[in-house]
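Residue-level structure breakdown
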Amino acid sequence: EPEVTQTPSHQVTQMGQEVILRCVPISNHLYFYWYRQILGQKVEFLVSFYNNEISEKSEIFDDQFSVERPDGSNFTLKIRSTKLEDSAMYFCASSEVAEGHEQYFGPGTRLTVT
Amino acid sequence: SQQGEEDPQALSIQEGENATMNCSYKTSINNLQWYRQNSGRGLVHLILIRSNEREKHSGRLRVTLDTSKKSSSLLITASRAADTASYFCVTYYGNNRLAFGKGNQVVVIP
């Protein structure tokens, strides 16, 4: 069964450093998303991406964040200058269609900022 | 807040029993979904119910939606130890983003 994959599974970085989290969505999906879950808190929407552009972003997704689909398979989330409060589990998701259809989530990347 | 809120927050049951979780939300939705998350793992979609539907079944899962009360319930029948997980009520308002509730921890005791 096709699945969303994410690398790395765990990333440790120092405050102020740039990190890139990588995702490979399901191959025939057209809509891509990033969410994060700070330990003990809700899963929070960050951004949705379709047709090579951001279609929706949350208040969390500020200028420090960017997304890219550099080729036909990868979908990346970049945090330019990490802060302690960026420590969280980051989930990538994809869906075949938009408009609230079911999304398929990857296993997540645990980001620890020290 | 637009997110769904589950009730109860934690549930511990014996294997074979049914588990019921409720969710409430505050504004009109396009659809409501339930996801499961096993400890330290990703989120798995369980079931989606549209705003014009009242009840839906999928295997041992039964979800209801009452738009007049802005509430939903998820019933897991004949629970198994493998059902131990966090269950999230997720609402969709048509803005291309899913809004997650806090999650409901279910422990099924063998």
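Definitions and cut-offs
Residues numbered from 1 in each chain as written. Chains lettered and ligands numbered in written order. Predicted model: local features only at pLDDT ≥ 70, side-chain atom pairs only at ≥ 80, totals over all residues. Heavy atoms only, no water. Helix = DSSP H or I, 4+ residues; strand = E, 2+ residues; numbered from the N terminus. Buried < 20%, exposed > 50% of the residue type's maximum accessible area, 1.4 Å probe, protein only. Polar contact = N/O pair within 3.5 Å; in protein donor to acceptor, adjacent residues only side chain to side chain. Contact = heavy atoms within 4.5 Å. Disulfide = S-S within 2.5 Å. Buried area = accessible area lost by both parts, 1.4 Å probe. Salt bridge = Lys/Arg side-chain N within 4 Å of Asp/Glu carboxyl O.

Here the focus is the side chain of S79 of chain B. All names here are of chain B. Assignment of secondary structure puts S79 in the loop between β8 (71-76) and β9 (85-92). Taking relative accessible area as the criterion, S79 reaches 3% and is therefore assigned buried. Among the polar contacts made by the side chain of S79, one reaches the main-chain carbonyl oxygen of Q14 at a distance of 3.4 Å. Leave out the neighbours within four places in its chain, and S79 touches I13, Q14, E15, G16, E17, R60 and V108.

A few words now on the state of the cysteines. All names here are of chain B. On inspection of all chains with the given rule, the structure shows two disulfides over all chains. With its sulfur 1.9 Å from that of its partner, C23 forms a disulfide with C89. With the S-S dihedral at roughly -55°, the linkage between C23 and C89 falls on the left-handed side. Highlighted residues: C23 in strand β3 (residues 19-24) and C89 in strand β9, separated in sequence by 66 residues. When its relative accessible area of 2% is taken as the criterion, C23 is described as buried.

Here N31 of chain B lies in strand β4 (residues 31-37). Side-chain polar atoms of N31 of chain B contact the side chain of Q33 of chain B, separated by 3.2 Å.

Turning our eyes to something else, we now look at the interface of chain B and chain A. Facing 24 residues of chain B, the contacting portion of chain A comprises 23 residues. Carbon and sulfur atoms make up 50% of the surface buried where chain B meets chain A, a total of about 1,800 Å² over both sides. When the buried surface of chain B facing chain A is broken down by residue, L43, N96 and R97 of chain B rank first, second and third, together holding 34% of it. Connecting chain B to chain A are one salt bridge. The salt bridge involving R97 of chain B is made with E56 of chain A; its shortest N-O contact spans 3.1 Å. Counting across the chain B and chain A interface gives four residue pairs in polar contact (both at pLDDT 80 or more). Of all the secondary-structure elements, those providing two or more residues to the side of chain B that touches chain A are β4, β5 (43-50), β9 and β10 (98-100) of chain B.

With that settled, the discussion passes to the pattern of salt bridges. Applying the stated criterion across every chain yields a total of five salt bridges over all chains. Note that E44 of chain A is salt-bridged to R36 of chain A, the shortest N-O span being 3.1 Å. Residue classification places E44 of chain A among the partly exposed residues on the basis of a relative accessible area of 23%. The residue E55 of chain B makes a salt bridge to R62 of chain B at a minimum N-O spacing of 3.2 Å. A relative accessible area of 40% means that E55 of chain B is categorised as partly exposed. Under the relative-accessibility criterion, R62 of chain B is labelled partly exposed at 30%.

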